[in-house]
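Coordinate inspection notes
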Amino acid sequence: MSDLRTNDDFFEFAKSLTHIRVDDLREFFGRFDIKIPLHVHRFVLRETIYPEVFEEMRYAAYSDELKYRLRKFRDFPIFLYENLIDEQDLDFDSFRYKELLFDVLFVNRDMYELTSLFFDKLKQLRDKTETEGVNLTYDTLYEALRPVFYQVPGFLDGIPQSEMKETLVDACTLGELRGLGEKYDVKIPRRINKKELVAMLAAKLRLTEEERELLEKKSVLDIEMYAKEKGFKISTDLKKADMVEYLSFRLELYDKESREDTHNYDVPLLRTRQVPWDEGPSSETEVSESSMTSEKESAEADENEDVIVTPQPADDTGEDEIPIESMAEETEAEIEDEESPEEKITEQEPSADDIADHEEKIEEKPGDKAEKDTLEQAASVSEEAPSKPVHKEKPPQEEEETEMTDSDEMRAALDEKIDEIIREYNHKKRRKHILVSILIVVIVLIVVAVGYGLLYYNYIDYGNLPFGIPVFWE
């Protein structure tokens, strides 16, 4: 391990380990009793598929709804990353996954207590593996490494309990929430009964047995009001947020303390394309070709201050690729252009020297006198006009995000209303079928009774009715 001293040395070492077979890695980690939390797997998986998810051509083909939900890409649970791989048919890079996994392990080597023996044996395993290896699918790789990963108490699918509700409500659709529940053997219903509601409240609010018994005697409406007073909004008709609470209740997360992720993720991340709505670097280190190019251009601009660099327009990738922030910035630029005519005049104003040169070159003609007066007036405006900062209101960029969030909630509420109407319609339809069936049975019985009575009266026992019924028409 003498040649591995800095993190950069470890990162270079990790690149040489990507050809090791995953089965050998699983056995190697098992030999050193190394277990990796699922939230580390979530980070490595996210950064592995990042370039594929935001590849230019692929991103342009996404629906507006998916583009909006991808704004929460960094906060997705593992389940949503796996869905993206399947639904978008992403090319999973298993070599990149293994490199990132080793990078995270190496920068957290003290936490995992990796000794020089570990690295010596890892080098031996690397040298013993002669084949270059093949790129594995995600399912194959994860199935092989599954015994290495474990779920930390207080986390769900790689997300800490404290962030779970906010993340899942914004990132998941109703169907994806149910799919996440099924992944952990929890069937999330659309509606719960009073008993389950009381059980959820008892677990969430840590009620005593006496308090629980008092709740059971109340009506559903009173129980919901009680929960609201305690700061826990819940209903028997489960909406998105209620579904997350139900999932937490069924997985007994209320009884587990929320923990924080203490891992260091300061590893090289190769980004072929910035996320459209990124306004700056994230908390994690990002190594991208675009950022390196920008730094180089900035250095060249500093060396030659006289050179005026004209910003190049962005590539035209279609209207669907324009993010909300870019639209807001363009709107702001237009407002600035409209609201600061003085700045435009100042930029195009001739200097006093230019006016003097112009006066020397032109002859004093009656037609040119107006032009000279105009130039002198412009020069005086340039010298005397104070440069006042123009205070402009920036367009509220969060307003569109709020509208989209409200739209998503309205869509969910509309779906629930439609389901309620469908359930009511089906109930009425079933009731109608039952009534029609009963009416048909009654009519058939009447017809059979009348037919049997006529047969009995005319042929079996002429002049008499069956069962001793008197002949009332004689």
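Conventions and cut-offs
- Residues numbered from 1 in each chain as written.
- Predicted model: local features only at pLDDT ≥ 70, side-chain atom pairs only at ≥ 80, totals over all residues.
- Heavy atoms only, no water.
- Helix = DSSP H or I, 4+ residues; strand = E, 2+ residues; numbered from the N terminus.
- Buried < 20%, exposed > 50% of the residue type's maximum accessible area, 1.4 Å probe, protein only.
- Contact = heavy atoms within 4.5 Å.
- Areas by Shrake-Rupley, 256 points an atom, 1.4 Å probe, with all protein chains shown as cover.
- Axes fitted to C-alpha atoms, helices over the stretch in contact; angles between N-to-C directions.
- Parallel < 35°, antiparallel > 145°, perpendicular 65-115°, else oblique.
- Left-handed = near helix turned anticlockwise from the far one by under 90°.
- Nonpolar A, V, L, I, M, F, W, Y, C, P; charged D, E, K, R; others polar.
- pLDDT = per-residue confidence, 0-100.
- Phe/Tyr/Trp six-rings, centres within 6.5 Å; stacked < 30°, edge-to-face > 60°.
- Lys NZ or Arg CZ within 6 Å of the ring centre and 35° of its normal.
- Core = buried A, V, L, I, M, F, W, Y, C linked by side-chain atoms within 4.5 Å.
- Salt bridge = Lys/Arg side-chain N within 4 Å of Asp/Glu carboxyl O.
- Polar contact = N/O pair within 3.5 Å; in protein donor to acceptor, adjacent residues only side chain to side chain.
- Patch = residues over 30% accessible without salt bridge, like charges linked within 9 Å, V, L, I, M, F, W, Y side chains within 5 Å.
- Lys, Arg positive; Asp, Glu negative; His and termini not counted.
- Charge placed at Lys NZ, Arg CZ, Asp CG, Glu CD.

Glancing now at the overall build of the protein chain. Scanning the protein chain from terminus to terminus reveals 21 helices and six strands. Across the 474 residues of the protein chain, 36% fall into the buried class. Look at the contacts in the protein chain between residues 6 or more apart in sequence, and 76% of them connect residues 24 or more apart. A total of about 30500 Å² of accessible surface is found on the protein chain, and carbon and sulfur atoms cover 51% of it.

Now for the packing of helix α1 (residues 7–15) against helix α7 (residues 94–107). In contact at an axis separation of 9 Å, α1 and α7 are set at 150 degrees when each is read in the N-to-C sense. In terms of their interaxial angle, α1 and α7 are classed as roughly antiparallel. α1 and α7 meet at a crossing whose hand is right-handed. Taken together, the residues of α7 that come into contact with α1 (itself represented by N7, F10, F11, F13, A14 and K15) are E99, F102, D103, F106 and V107. Within the contact of α1 with α7, the residues separate by chemical class into seven nonpolar, one polar and three charged.

What follows is about the confidence of the model for the protein chain. Caution applies to low-pLDDT regions: their predicted coordinates should not be interpreted in detail. Confidence in the prediction of the protein chain, expressed as mean pLDDT, is 76, and 69% of residues score 70 or more. A low-confidence stretch, residues 279–353 (pLDDT under 50), is modelled with 60 contacts involving residues beyond four sequence positions or located in other chains.

Next up on the list: the packing of aromatic side chains. Counted under the stated rule, the structure contains 26 aromatic pairs. With a centroid separation of 5.8 Å and an interplanar angle of 15 degrees, the aromatic rings of Y138 and Y142 are classed as stacked. Residue Y138 and its partner Y142 are both found in helix α9 (residues 138–145); the two are separated by four residues, about one turn of the helix. Ring centres of Y452 and Y456 lie 6.2 Å apart, and the angle between their planes is 45 degrees; this geometry places the pair in the tilted category. Here Y452 and its partner Y456 are both found in helix α21 (residues 397–460), four residues apart, which amounts to about one turn of the helix. Grouping aromatic residues by their ring pairs yields a cluster made of F10, F13, F28, F29, F32, F102, F106, F118 and F119. The ring of F13 carries K123 above its face, with NZ or CZ at 5.8 Å from the centroid.

Next up on the list: the packing of helix α2 (residues 22–31) against helix α8 (residues 116–128). Contact geometry of α2 with α8 gives a least axis separation of 12 Å together with a crossing angle of 160 degrees. Of the possible angle classes, the one that applies to α2 and α8 is roughly antiparallel. The element α2 and its partner α8 pack so that their crossing is right-handed. Only F118, K121, L122 and L125 of α8 make contact with α2, whose side of the interface consists of D24, F28 and F29. Residue composition of the contact of α2 with α8, grouped by class: five nonpolar, no polar and two charged.

With that settled, the discussion passes to the nonpolar core. Grouped together as the largest cluster of nonpolar side chains are 96 residues, with contacts concentrated most on L70, F73 and F106. When neighbours within four sequence positions are excluded, F106 is seen to be in contact with F10, F13, A14, L17, L114, F118, F119 and L122.

Scanning all chains against the criterion turns up 18 salt bridges. With a shortest N-O distance of 3.5 Å, K183 and E82 are connected by a salt bridge. One end of the pair, K183, is in helix α11 (residues 174–183); the other, E82, is in helix α6 (residues 78–87), with 101 residues separating them in the sequence. Overall, K183 belongs to the partly exposed group, its relative accessible area being 34%. Counted as one network, the salt bridges with shared partners bring together E65, R69 and E176.

Here we come to the environment of D127. By secondary structure assignment, the location of D127 is in helix α8. Accessibility expressed as a relative area gives 54% for D127, which makes it exposed. Between the C-alpha atoms of D127 and S16, which are 111 residues apart in sequence, the distance is 9.6 Å. Within polar-contact distance, the side chain of D127 engages the side chain of R126 at 3.1 Å.

With that out of the way, let us pick up a nonpolar patch on the surface. There is a patch of nonpolar side chains on the surface, built from I434, L435, I438, V442, I446, V450 and L454 and spanning about 660 Å² of accessible area. Mapped onto the fold, I446 is located in helix α21. Taking the relative accessible area as the measure of exposure, I446 reaches 51% and is therefore exposed.

Taken together, D86, E87, D89, D91 and D139 make up a surface patch of like negative charges. Mapped onto the elements, D86 comes out in helix α6. Here D86 falls in the exposed class, since its relative accessible area comes to 54%.

Our focus in this paragraph is the side chain of E245. Among the secondary structure elements, E245 is positioned in helix α15 (residues 240–250). A residue is classified by how much of its surface remains accessible, and E245, at 6% relative accessible area, is buried. Look past the residues within four positions of E245 in its chain and what remains in contact with it is K165, M200, K204, F232, I234 and Y254.

Further remarks concern the side chain of E176. The residue E176 is located in helix α11 in this model. If sequence neighbours within four positions are ignored, E176 has contacts with R69, F79, L80, N83 and A171.

Note that F155 resides in strand β3 (residues 155–156). For F155, a relative accessible area of 4% puts it in the buried group. Here F155 is in contact with H39, P160, Q161, L253, R259, E260 and D261, once residues within four sequence places are set aside.

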